Amino acid sequence: MEPAASDGMPGDVLIVEDDPIIALDFEDTILGFGVKGVRTAANVARALAMIADRTPDFALLDVGLVREKSFAIAERLDELKIPFIFVTGYGVDVRLPAPLADKPRLPKPYSSEALKALLLRSRQNAGR
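A. Focus on the side chain of Thr88. Note on placement: Thr88 falls in strand E6 (residues 84-88). Non-local contacts of Thr88, meaning those with residues more than four positions away in its chain, are made with Val63, Val94, Leu106, Pro107 and Lys108.

B. Spotlight on the environment of Phe58. With respect to the helices and strands, Phe58 occurs in strand E3 (residues 58-62). On the basis of relative accessible area, Phe58 is assigned to the buried category, the value being 0%. Sequence separation between Phe58 and Pro10 is 48 residues, and the spatial gap between their C-alpha atoms is 6.4 Å. Setting aside its immediate chain neighbours within four residues, Phe58 contacts Pro10, Asp12, Val13, Leu14, Ile82, Pro83, Phe84, Ile85, Leu118, Leu119 and Ser122.

C. Looking closely at the environment of Ile30. Relative to the helices and strands, Ile30 is located in helix H1 (residues 20-32). With 86 residues separating them in the primary sequence, Ile30 and Lys116 have C-alpha atoms 7.9 Å apart. Discounting residues that sit within four places of it in the chain, Ile30 has contacts with Val13, Ile15, Val35, Val38, Leu60, Leu115 and Leu119.

D. Expanded view of the nonpolar core. Grouped together as the largest cluster of nonpolar side chains are 21 residues, with contacts concentrated most on Leu14, Val16, Leu61, Ile73, Leu77, Phe84 and Phe86. For this core, the secondary-structure elements that each account for two or more residues are strand E1 (12-16), helix H2 (44-53), E3, helix H3 (71-79) and E6. If sequence neighbours within four positions are ignored, Val16 has contacts with Ala41, Ala47, Leu60, Leu61, Asp62, Leu65 and Ile73. Of all hydrophobic cores here, the second largest spans 17 residues; its members include Met9, Ile30, Val38 and Leu106.

E. Highlighting the sheet that holds strand E2 (residues 37-41). Strand order in the open sheet formed by five strands is E2-E1-E3-E6-E7, and the pairing between neighbours is parallel. Looking at the sheet topology across the chains shown, the edges are occupied by E2 and strand E7 (105-107). Going from strand to strand, the sheet's axes swing by 20 degrees on average, the running direction of each strand aside. Here E1 pairs with E3 via four bridges, running parallel. When the sheet's bridge partners are listed, Val13 is paired in E3 with Phe58. Contacting E1 and E2, H2 runs over the sheet at an angle of about 145 degrees to E2. Across the sheet, H3 lies against E1, E3 and E6, angled at about 165 degrees from E6, the strand it touches most.

Conventions adopted
Residues numbered from 1 in each chain as written. Predicted model: local features only at pLDDT ≥ 70, side-chain atom pairs only at ≥ 80, totals over all residues. Heavy atoms only, no water. Helix = DSSP H or I, 4+ residues; strand = E, 2+ residues; numbered from the N terminus. Contact = heavy atoms within 4.5 Å. Buried < 20%, exposed > 50% of the residue type's maximum accessible area, 1.4 Å probe, protein only. Core = buried A, V, L, I, M, F, W, Y, C linked by side-chain atoms within 4.5 Å. Pairing = 2+ DSSP bridges. Axes fitted to C-alpha atoms, helices over the stretch in contact; angles between N-to-C directions.

Keep in mind these numbers describe shape, not what the thing actually does.
Below you can see the structure in the form of structure tokens.
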């Protein structure tokens, strides 16, 4: 695991997004914040394998992937105490399982400022 960047940004971020254009946009934005490493998975199986191989410092999870939801990934990250946020085009209307209902969400389309604030806030909360 990469050490957290000195500016409070995570060192390694996992993006779980099935749309390659959106995933690239997230990657470019996050790298622009000073994050050292970004990995991308387009489905639950790949994301879980990547987490097993090397746990990230933080994750962005698109709720609705092709033919599946990212809830199994969220549950695994929660077990490992890895901060994450759900990304969704459904806003507050998205239904999350009860144990995940209080997790932070970022609406699509997103603003860079909102993403940066969530990354920083999650890192600060993880340090407590």
